Amino acid sequence: MIEARELTKRYGDKTAVDRLTFTVRPGLVTGFLGPNGAGKSTTMRMILGLDAPSSGTVTVNKRRYDRLAAPLREVGSLLDAKSVHGGRSVRQHLLGLARSNAIPRSQVDAVLDRVGLSEVANQRAKGLSLGMGQRLGIAAALLGDPEVLILDEPVNGLDTEGIRWIRALLKSLAVQGRTVFLSSHLMSEMELTADRLIVIGRGRLLADTDMREFIETHSQGTTLVRTADSEAERMRQLLERAGGTVRLDARGGWRVAGIPPATIGELAREHHVAVHELTPLFSSLEEIYTTMTRTSVEYRGSTQDTKELIP
Amino acid sequence: MSTLTAPPPGFREALAFEWTKFASLRSTRWTTAAVGLVTMAGAVFVGLSGSLQADDTVLGGSLTLSVVSLMISGVVGALTICGEYASGTVTSTFAAVPRRGRVLATKAVLLAGLLFGLSLASCTVAYLLGSAILEDGRYARGEPMPAVLGIAGLFAVVGVLGLAIGVLVRHSAGAVTTVIAVMLLPSLFGPLFGGAQRWIAGATPTAALEKLTQTSDASPDAVGSLGAWPSLALVAAYTVVLLALAVRRLRRRDA
């Protein structure tokens, strides 16, 4: 469990993290979402005691990180910044970390095997690909078999297979009752992995909610209605007369806004139109998120940021 | 929930961590080896070339290049922390050992122990090489004991001094430059300060080394009248002060 209370970080007169209060619970994958520069990494660094909060507190299992007796056995972390010396071998890097927290040597080979790096164990970290480097970071996070995992942009640099692997891994860790907290600006990825969502923009909390609930609440609420081609035009007229806004959907059928799905069904029965499909459409997390953070994207206008926001 | 139930780690584990990091890098291994090799090579060179002043001692002559080794020791000290900043490993180090005072203490203990042992061995070998090669009876022998223990102690102190400077300066190039400046500049520019020269040049690690090795360069005119051991104590004293400042900085600064 991770608990932040009024967590704040100021750099001069710039507030990077602004009175954040949230709780990350065990047994779930919690996504930490925000545009680049929103304060995700700074928040994670404060959880790990690397940066000191300007005010407020953050604890892991009710304790400040620097008060944990054996931090790597309680919290596994992967930060965005590479924290491996290129000249050191993969195994030596993990071995040092294991020794620092009295973690048995056998764990080193176990995690190397688990992330699929056994074959490059004796290679220097310099020669690893971006994806392998990321796997090494995940190996380091798993080394102490920790209850809490904090991962900053873990899918960065992973290929499709790697992304699928980490998604399954994170879910399995959460199912075992661990606390899994991962940040990402890839909303599509979050939608598939996370159970809960903490959204921040400009250092402020925008949402702290269940993933499904979040999508339902923020959804525009349109419905896809499909009928036989011969009845399509009649259906459109009925829907418009009932006060709906009707557009042609790219996949065929009508996209209806302004009338709930139940009413559409009843309308069709009343007029004896055979409905082939009636699907409530929720906005994707990506659409919602883009709308939500539009105001809080700090460096809007720069093409690079736009690109990162909409992957 | 962690299935690992070993007792909580302490200083020993942190020290083992530092040792693993130190020993697993080619760069630190070679730089450290250079500390020993340069001193011994110097003894052979001086012995074979006979390039000793008439009033020099066998001990001082054999350890001519120990001043270079001493500088490298300071550089090794600086690099043990600056290397971590440069590669970004400092974040994983602090995540593993969040007590930063302990991180610095283990680095200091490791450097001091390693440099003490290494320089004690290499200086002893250098002296034996020097006495074997140099013509018997032509130079005063000098008194190797307990001077060589002091010399080894000085190497340990300078390693820690480099570490403290590394923490305070943070960037490798800046830290290495500072370490070398501390060692060299006072003797180079000392004469500019007239009467104060003895104090300025005399307070450097280099001056303490010259006095301990009993070389003819260690004249009171150049490096002051402070004896060898008090000089060593002085260097140790300001190293302790700098180390305390470094601990403070490390605790307060964001990693």
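Not measured: the values here are computed from a predicted model.

How each quantity is defined
Residues numbered from 1 in each chain as written. Chains lettered and ligands numbered in written order. Predicted model: local features only at pLDDT ≥ 70, side-chain atom pairs only at ≥ 80, totals over all residues. Helix = DSSP H or I, 4+ residues; strand = E, 2+ residues; numbered from the N terminus. Contact = placed C-beta atoms within 7 Å. Domains from an automatic or database assignment. Pairing = 2+ DSSP bridges. Axes fitted to C-alpha atoms, helices over the stretch in contact; angles between N-to-C directions.

**Overview of the overall build of chain B**
Tallying secondary structure elements over chain B gives 12 helices and zero strands in all. For chain B, the α and β elements follow one another from N to C terminus as α-α-α-α-α-α-α-α-α-α-α-α. For chain B, the C-alpha atoms occupy an extent of roughly 75 × 40 × 30 Å along the three principal directions. Of the contacts made within chain B by residues no fewer than 6 positions apart, 81% connect residues no fewer than 24 positions apart.

**Observations concerning the domain arrangement of chain A**
Think of interface size as the accessible area that goes away when the parts come together; that is how it is often given. The assigned domain composition of chain A is domain 1 (2-216) and domain 2 (220-281). Using C-alpha coordinates to define each centre, domain 1 of chain A is positioned 45 Å away from domain 2 of chain A.

**A word on the environment of Gly-60 of chain B**
Residue and element names in this part refer to chain B. Assignment of secondary structure puts Gly-60 in helix 3 (residues 58-62). Linking Gly-60 and Val-240, residues 180 residues apart in sequence, is a C-alpha distance of 28 Å. Residues in contact with Gly-60, not counting those within four places in the same chain, are Gly-142, Thr-213, Gln-214, Thr-215 and Ser-216.

**Remarks on the sheet that holds strand 13 (residues 275-281) of chain A**
All names here are of chain A. Within the open sheet, the four strands sit side by side as 11-12-10-13. Their pairing is antiparallel. The two strands at the open ends of the sheet, each matched to only one other strand, are strand 11 (245-248) and strand 13. When strand polarity is set aside, the average angle formed by the axes of neighbouring strands in this sheet is 25°. Pairing of strand 10 (residues 222-227) with strand 12 (residues 254-257) involves four bridges; the strand directions are antiparallel. Of the residues in strand 12, the one forming a bridge with Thr-222 is Ala-257.

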